[in-house]
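# Examining the three-dimensional arrangement
Spelled out from the first residue to the last, the chains are:
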Amino acid sequence: MKYFPIKKDSINQVLFIFFLIQPLLDLMTAFTHELPISVGAFVRTLLMAGLFIMLSIWNIKRGKSQLLLFLLPFAVILISLLINYLYKPQMNLFQEINFAMKTSYFLTMATTAIVLVGLYISKQNLYRVSELISLIIGIAYWLAIITNTSRESYNFTGEGYAGWFFSANELSVIILCLLGILLTKITKYKPKAITWVAFILLLAMVPTIGTKTAFLGGIVLIISAFICVMKENLRFWQDRRHLLLLFLSFLLIVLIPLTPIRENTEQITGPNYPEQPSLQLEQSGNRAGLLNRILSSRDIYLQETYHDFKSASPIRQIFGLGYAGDYEEGAAKLVEMDLFDLLFGYGVIGSIIILFPFAWLGFMMIKRLFPLRVPSFLLAVTIFLCLGISFLAGHVLLAPSVMSYLTLVLTLLGAEKNVS
């Protein structure tokens with residue numbers, strides 16, 4: 001990693017600043033989303049450009065073959081954009097370019113994570129910035145609720161609050177990433193007061209956001225943390241930090257009936273779940289109806305886009321249909337299941353090439369999991385949760401804000417293994 005264009009002593013400082021500004025960008029995105037391009041999207045585009053230049057320099061110094069491998073997925077994005085510009089029946093150029101930029105951000109962050117995993121990164125630095133990020137998000141969220149200026153999590157049916165953040169779905173995954181990190185700090189290391197304050201603020205958000213993603217993911221992380229605690233010491237109540245964690249988890253369970261997630265859970269399992277008028281579809285049997293409720297009608301968009309994909313020309317099946325398939329004017333809608341959006345967006349060959357850096361990153365992570373210890377286990381659970389959410393509900397790989405926090409978790413897992 002001697003070719004990386006940032007001095008070794010400066011990498012930790014740059015990472016600290018990069019991750020610390022992420023919640024600020026998320027807040028600015030929410031307040032400027034009505035502009036042609038939000039402040040958050042504009043700044044992240046500049047950050048991506050800067051990272052792309054540094055990664056290009058790094059790959060140039062490593063040889064032409066490395067540079068070509070790095071540039072190939074980005075070339076696929078351009079090829080797909082050009083093909084759809086020529087052959088797509090109806091094309092919203094702004095949406096198509098936006099989709100291409102989000103994919104480019106995913107690629108840039110995945111490649112950055114590959115580089116960082118191989119560098120000496122201070123895990124203490126990453127834990128500290130995670131605590132500060134959690135405080136910023138938690139304080140902003142609860143201030144929004146206290147001042148009655150919070151956004152609703154759902155536009156149609158469902159209860160919940162997104163605080164001052166633009167997307168409840170993206171906020172949910174961000175909270176899970178940070179909870180996974182804080183739980184790792186609490187269960188394995190000596191948490192400070194700031195750790196507990198940040199953890200309480202985020203834990204209280206789990207049922208309040210109202211999404212299935214935040215609630216079920218939070219439960220999985222807490223159970224995983226207690227598995228680690230009991231594996232190391234069956235008499236965990238003798239440790240004050242573990243006893244406090246148990247108390248907070250119990251309090252969360254007790255307060256669930258008073259939170260929005262209770263209403264949303266009843267809507268999923270109840271017989272009178274009201275569907276959005278525009279998403280009405282004939283269902284055969286209760287099983288199809290339940291699937292529609294669990295996936296929030298993503299199965300409908302999946303069927304529609306798959307039909308577009310089957311009907312497309314061979315060249316578009318190879319390099320994709322672009323954003324949201326062959327939509328009518330004003331009716332473009334992603335499936336919101338990241339792997340399917342990539343498959344339909346960039347085709348069979350294109351999506352394989354685009355996903356290769358992330359697959360290589362996964363291979364690197366798996367090698368670093370063993371021997372399995374508490375930090376590695378909890379961080380791995382967090383990563384697998386994010387990947388599961390990406391497959392079922394989207395808003396991970398193709399959401400620049402979430403991808404930034406996932407990169408933080410991946411980098412921390414690498415730092416845990418690189419430091420003895």
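Figured I'd write up the structure that's included with this text. Residue numbering note: each chain is counted from 1, following its sequence as written. Where totals are concerned, whole chains, interfaces and linings use all residues; where local detail is concerned, this predicted model gives features only for residues with pLDDT of at least 70, and gives and counts side-chain atom pairs only at 80 or more. Water and hydrogen atoms play no part in the side-chain values, which are based on all heavy atoms of the structure.

### Digging into the nonpolar core
One recurring pattern in soluble globular proteins is that nonpolar side chains are buried together. Residues I137, I175, F199 and L406 are the most contacted members of the largest nonpolar core, which totals 111 residues. Among the elements that take part in this core, helix α7 (residues 168–188) stands out by supplying 13 residues, more than any other. We define the nonpolar core as a collection of buried residues of types Ala, Val, Leu, Ile, Met, Phe, Trp, Tyr and Cys that are connected through side-chain atoms lying within 4.5 Å of one another. Burial classes follow relative accessibility: with a 1.4 Å probe on protein chains only, a residue under 20% of its type's maximum area counts as buried, one over 50% as exposed, and anything between as partly exposed. Counting 7 residues, the second-largest nonpolar core is a separate cluster that includes L302, F309, A312 and L321. Helix and strand assignments follow DSSP, with helices taken as H or I runs no shorter than four residues and strands as E runs no shorter than two, numbered in order from the N terminus.

### Examining the packing of aromatic side chains
In this analysis, rings of Phe, Tyr and Trp, with Trp reduced to its six-membered ring, are considered paired at centre separations within 6.5 Å, and the interplanar angle assigns stacked below 30 degrees, edge-to-face beyond 60, and tilted for intermediate values. For the structure shown, the criterion picks out 16 aromatic pairs. Seen from their ring centres, Y141 and W142 are 5.2 Å apart, and the 85 degrees between their planes marks the pair as edge-to-face. For Y141, a relative accessible area of 0% gives the class buried. Summarising the aromatic geometry, the rings of F340 and F344 are spaced 6.1 Å apart at their centres and angled 25 degrees between planes, so their arrangement reads as stacked. Taken together, the residues F340 and F344, both in helix α15 (residues 338–369) and 4 residues apart, mark about one turn of the helix. Residue classification places F340 among the partly exposed positions, given a relative accessible area of 22%. Pairwise contacts between aromatic rings join F99, Y323, Y327 and Y346 into one cluster.

### A short note on the environment of F99
Position of F99 among the secondary structure elements: in helix α5 (residues 93–117). Separated by 18 residues in the primary sequence, F99 and L81 have C-alpha atoms spaced 9.7 Å apart. Whether two residues are in contact is decided by their heavy atoms, any of which lying within 4.5 Å being enough. Once residues lying within four places of it in the same chain are set aside, the contact partners of F99 are G322, Y323, L334, D341, G345, Y346 and L398.

### Description of unusual backbone geometry
F370 connects to P371 through a cis peptide bond whose omega is 0 degrees. Here P371 is to be found in the loop between α15 and α16 (374–393). At N148, a residue that is not glycine, the phi angle is positive and equals roughly 60 degrees. Counting through the fold element by element, N148 comes out in the loop between α6 (123–146) and β1 (151–152). Within the chain, E336 stands out as a residue other than glycine whose phi angle is a positive 65 degrees. Tracing the backbone through its elements, the reader meets E336 in the loop between α14 (314–319) and α15. In this structure E336 comes out as partly exposed when scored by relative accessible area, which is 22%.

### Description of a nonpolar patch on the surface
Together, L82, Y85, L86, Y87, L93, I97, M101 and I315 make up a nonpolar patch on the protein surface, roughly 800 Å² of accessible area in all. At the level of elements, α4 (64–87) and α5 are the ones that each hand at least two residues to the nonpolar patch. No other element matches the 4 residues that α4 contributes to the nonpolar patch. Note that L86 resides in helix α4. Residues form patches when they are more than 30% accessible in relative terms and have no salt bridge. Like charges link within 9 Å. Nonpolar side chains (Val, Leu, Ile, Met, Phe, Trp, Tyr) link within 5 Å. Surface accessibility follows the Shrake-Rupley procedure with a 1.4 Å probe radius. Residue values consider only the protein chains on display as shielding. Within this document, salt bridges are pairs made up of a side-chain nitrogen of Lys or Arg and a carboxyl oxygen of Asp or Glu, the two lying within 4 Å of each other.

### A look at the pattern of salt bridges
By the definition in use, this model includes 8 salt bridges. Between D239 and R241 there is a salt bridge; the shortest N-O distance is 3.0 Å. Between E336 and R298 there is a salt bridge, with the nearest N and O atoms lying 3.5 Å from each other. With a gap of 38 residues between them, E336 in the loop between α14 and α15 and R298 in helix α13 (residues 298–311) connect regions that are remote in the sequence. Put simply, R298, K333 and E336 are held in one network by salt bridges that share partners.

### Regarding the packing of helix α3 (residues 39–62) against α5
When two helices pack together, their arrangement is captured by the angle between the axes and the distance separating the axes. It is at 10 Å that the axes of α3 and α5 come closest, and there the two elements cross at 45 degrees. Between α3 and α5, the angle is such that the two are oblique. Two packed elements cross with a definite hand, and for α3 against α5 that hand is left-handed. Contact with α3, carried on its side by R44, T45, M48, L51, F52, L55 and W58, involves M101, S104, Y105, T108, M109, T111, T112 and V115 of α5 and no other residues of that element. In the contact of α3 with α5, the residues fall into 9 nonpolar, 5 polar and 1 charged. Orientation is described by lines fitted to C-alpha atoms, with helices fitted over the stretch in contact, and by angles between N-to-C directions that extend from 0 to 180 degrees. Should an angle fall under 35 degrees it is taken as roughly parallel, and over 145 as roughly antiparallel, whereas 65 to 115 is taken as roughly perpendicular and any remaining angle as oblique. Left-handed describes a crossing whose near helix is turned anticlockwise from the far helix by less than a right angle; the clockwise case is right-handed. Throughout this entry, Asp, Glu, Lys and Arg are counted as charged residues, while Ala, Val, Leu, Ile, Met, Phe, Trp, Tyr, Cys and Pro are counted as nonpolar. The remaining residues, Gly among them, count as polar.

### Overview of the side chain of T103
Mapping T103 onto the fold places it in helix α5. A polar atom in the side chain of T103 sits 2.8 Å from the backbone oxygen of F99. Once you skip the residues sitting within four places of it in the chain, T103 turns out to touch I77, L342, Y346, I354 and L398. A 3.5 Å cut-off defines polar contacts: any pair of N or O atoms within that distance qualifies, except that in protein one atom must be a possible hydrogen donor and the other a possible acceptor, and neighbouring residues in sequence count only when both atoms are side-chain atoms.

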